[in-house]
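In case you want the letters, here they are:
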Amino acid sequence: MSTTIAVIGALDTKGEEFAFVRREIERRGHQALVIDSGVISEPGFEPDISAGEVAEAGGTGLAELRAQGDRGTAIGVMAAGGAAIVGRLHAEGRIDGVLSMGGSAGTAVGTAAMRALPVGVPKVMVSTVASGDTSGYVDTKDVVMVPSIVDVAGVNRISARIYANAVGAVVGMAETAAPEIEDKPLIAASMFGNTTPAVERCRERLDALGYEVLVFHATGTGGRTMEDVIAGGFASGVLDVTTTEWADELVGGVMGAGPNRLEAAAAQGVPQVIAPGCLDMVNFQAPATIPDKFEGRRFHYWNPNVSLMRTDPAENAELGRILAEKANGSSAPTAIFLPLKGLSLLGAPGEEFHWPEADQALFDAIKRHVRDDIPVYELDHAVNDEAFADAVTDKLLEYLG
């Protein structure tokens, strides 16, 4: 089966490397559609889509970018233009995958194009920064980052092998048909280590009733990915019982999911059940990384790289307002469940984060700010009690009919 792979990169400075990749794709019997994102000078060979077209798609003419001479601006424009063009090519059925190579700038441009594509479309990025923190490049998409080992500067005995492997990877992905999976109604659910017993109980019940449950780990990226899946129209219902990312977003932890968390279900009109799971904690990394301003707060060291800080009553009151206002945007059936005996494993009676006054500030704020027609159920259980898990599952099933 012949496939077409979009190859995007700066042909002015990396012409030799991208010419090699194009030959490798064609040697395997496939087509390469080359997109030039170079700004500095003319390309090393003729692309299928010129840098001028990419710049125009990004909102600025190529001549203007060259006259400005601002590297940061140029990268931003070419990233936006590349994303627009690659997204359009895929929508038109003209490409089956994307391959790119580069340093930090080339990686920013290449992965921006990749993130414009749906999950499942092959995306391979050979990068000098692939061994560091790649979250900004990958975000919520299935981008495969391949360390370049040596700089993307010419073709040598090491880089040739790396580039060829990358071609083999993206072509192999494009040739691989997805296995047949039974089409079931999909439920999106949020989970954390501290709400695992509850979500596992919910998932088992929903699975037994013929639903497919996608569980997203509430680590920031997980919450954003869940929002993307819901916004994409895939979810029939949402069981958002681990809303902890808002604690990090508000207080300054490392696992915030951004200001749009808890909005996709409301915008899509998808039935949802919400609980304030793990809003009693903010996530930091190793103890040495915790900002000095939090000295004296209550901490639990989950593992050497995860430090959890207990939210206080003032923070919980604000979190309650946010949770209620996000729920208020929904036009579909929505309910909020409050676990009166603890928001997490650590927040249950007798555990380190058990703080009834702080929890009550959260509960009171939710009830004060939520719309009158959105029911709030106060259960005399901790979030991980089976009775609580069954109650939120029953309500979602009721909404799903």
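Everything below is about the structure shown above.
Residues numbered from 1 in each chain as written. Predicted model: local features only at pLDDT ≥ 70, side-chain atom pairs only at ≥ 80, totals over all residues. Heavy atoms only, no water.

### Structural notes on the packing of helix α4 (residues 71–91) against helix α5 (residues 104–115)
Moving on, step 1. Look at α4 against α5: their axes get within 7 Å of each other, and the N-to-C directions meet at 25 degrees. Classified by the angle their axes make, α4 and α5 are roughly parallel. Along this stretch, α4 crosses α5, giving a crossing that reads as right-handed. Residue-level inspection shows R71, I75, M78, A79, G82, A83 and V86 of α4 in contact with α5, the latter providing A105, A108, V109, A112 and A113. (Axes fitted to C-alpha atoms, helices over the stretch in contact; angles between N-to-C directions. Helix = DSSP H or I, 4+ residues; strand = E, 2+ residues; numbered from the N terminus. Parallel < 35°, antiparallel > 145°, perpendicular 65-115°, else oblique. Left-handed = near helix turned anticlockwise from the far one by under 90°. Contact = heavy atoms within 4.5 Å.)

### Some points on the side chain of S37
Moving on, step 1. Considering the arrangement of structural elements, one finds S37 in the loop between β2 (31–36) and α2 (51–57).
Moving on, step 2. At a separation of 3.3 Å, a polar atom in the side chain of S37 contacts the main-chain amide nitrogen of A10.
Moving on, step 3. Filtering out sequence-adjacent residues up to four positions away, S37 remains in contact with I8, G9, A10, M78 and V109. (Polar contact = N/O pair within 3.5 Å; in protein donor to acceptor, adjacent residues only side chain to side chain.)

### A look at α5
Moving on, step 1. Between its terminal C-alpha atoms α5 stretches 16 Å, which fits the 16 Å expected from 12 residues at 1.5 Å a residue.
Moving on, step 2. Where α5 is concerned, the buried positions are A105, T107, V109, G110, T111, A112, A113 and M114. (Expected span 1.5 Å × (residues − 1). Buried < 20%, exposed > 50% of the residue type's maximum accessible area, 1.4 Å probe, protein only.)

### Looking at the nonpolar core
Moving on, step 1. One finds I35, M78 and V98 to be the most contacted residues of the largest nonpolar core, which totals 32 residues.
Moving on, step 2. For this core, the secondary structure elements donating two or more residues are β1 (4–9), β2, α2, α3 (62–68), α4, α5 and α6 (135–138).
Moving on, step 3. No other element matches α4, which puts seven residues into this core.
Moving on, step 4. Leaving out residues up to four positions away in the same chain, V98 has contacts with I5, A6, I8, V86, M114, L117, P122, K123, V124 and V170. (Core = buried A, V, L, I, M, F, W, Y, C linked by side-chain atoms within 4.5 Å.)

### Thoughts on the packing of helix α1 (residues 15–27) against helix α7 (residues 157–175)
Moving on, step 1. Packing of α1 against α7 brings their axes to within 10 Å, and their N-to-C directions diverge by 45 degrees. Comparing their axes, α7 and α1 come out oblique. Regarding α1 and α7, the two cross each other, and that crossing is right-handed. Contacts between α1 and α7 pair E17, F20, V21, E24 and I25 from the former with A160, Y163, A164 and V167 from the latter.

### Topic: unusual backbone geometry
Moving on, step 1. With a phi close to 80 degrees, L262 is a non-glycine residue in the positive phi region.
Moving on, step 2. Judged by its relative accessible area of 4%, L262 falls in the buried class.
Moving on, step 3. With phi around 65 degrees, C278 is a residue other than glycine that occupies positive phi space.
Moving on, step 4. Inspection of the secondary structure assignment puts C278 in the loop between β9 (272–274) and β10 (281–284).

### Regarding the pairing of strand β12 (residues 306–310)
Moving on, step 1. Where burial is concerned, most of β12 is hidden: five out of the five residues are buried.
Moving on, step 2. The side-chain alternation of β12 yields two buried faces, one formed by V306, L308 and R310 and the other by S307 and M309.
Moving on, step 3. In this structure, β10 lies alongside β12, joined through four bridges in antiparallel fashion. Residue pairing across strands places N283 opposite L308, the latter belonging to β12.
Moving on, step 4. In sequence, strand β11 (residues 299–303) turns back onto β12 through a hairpin of two residues. (Pairing = 2+ DSSP bridges.)

### Remarks on the layout of surface pockets
Over the atoms rolls a probe the size of a water molecule, and its path tells where empty space is left.
Moving on, step 1. Of the volumes computed, that of the largest pocket is approximately 500 Å³.
Moving on, step 2. Lining of the largest pocket is provided by 27 residues; of these, A10, I40, R71, I75 and A105 occupy positions nearest its centre.
Moving on, step 3. Sorting the residues of the lining of the largest pocket by element identifies β1, α3, α4, β3 (97–102) and α5 as the ones contributing at least two each.
Moving on, step 4. Its volume calculated, the second largest pocket comes out at about 380 Å³.
Moving on, step 5. Along its surface, the second largest pocket is lined by 14 residues, and V119, D228, V229, G232 and F234 are the ones closest to its centre.
Moving on, step 6. Among the secondary structure elements, those contributing two or more residues to the lining of the second largest pocket are β7 (212–217) and α9 (221–231).
Moving on, step 7. The biggest single contributor to the lining of the second largest pocket is α9, with three residues.
Moving on, step 8. Per-class residue counts for the lining of the second largest pocket are six nonpolar, three polar and five charged. (1 Å grid on protein atoms, 1.4 Å probe; cavity = no way out; pocket = protein on both sides within 12 Å on 5 of 7 lines; lining within 4 Å. Points joined across faces, edges and corners; volume = space filled by probe spheres on them. Nonpolar A, V, L, I, M, F, W, Y, C, P; charged D, E, K, R; others polar.)

Any link to function would need more than the numbers given here.
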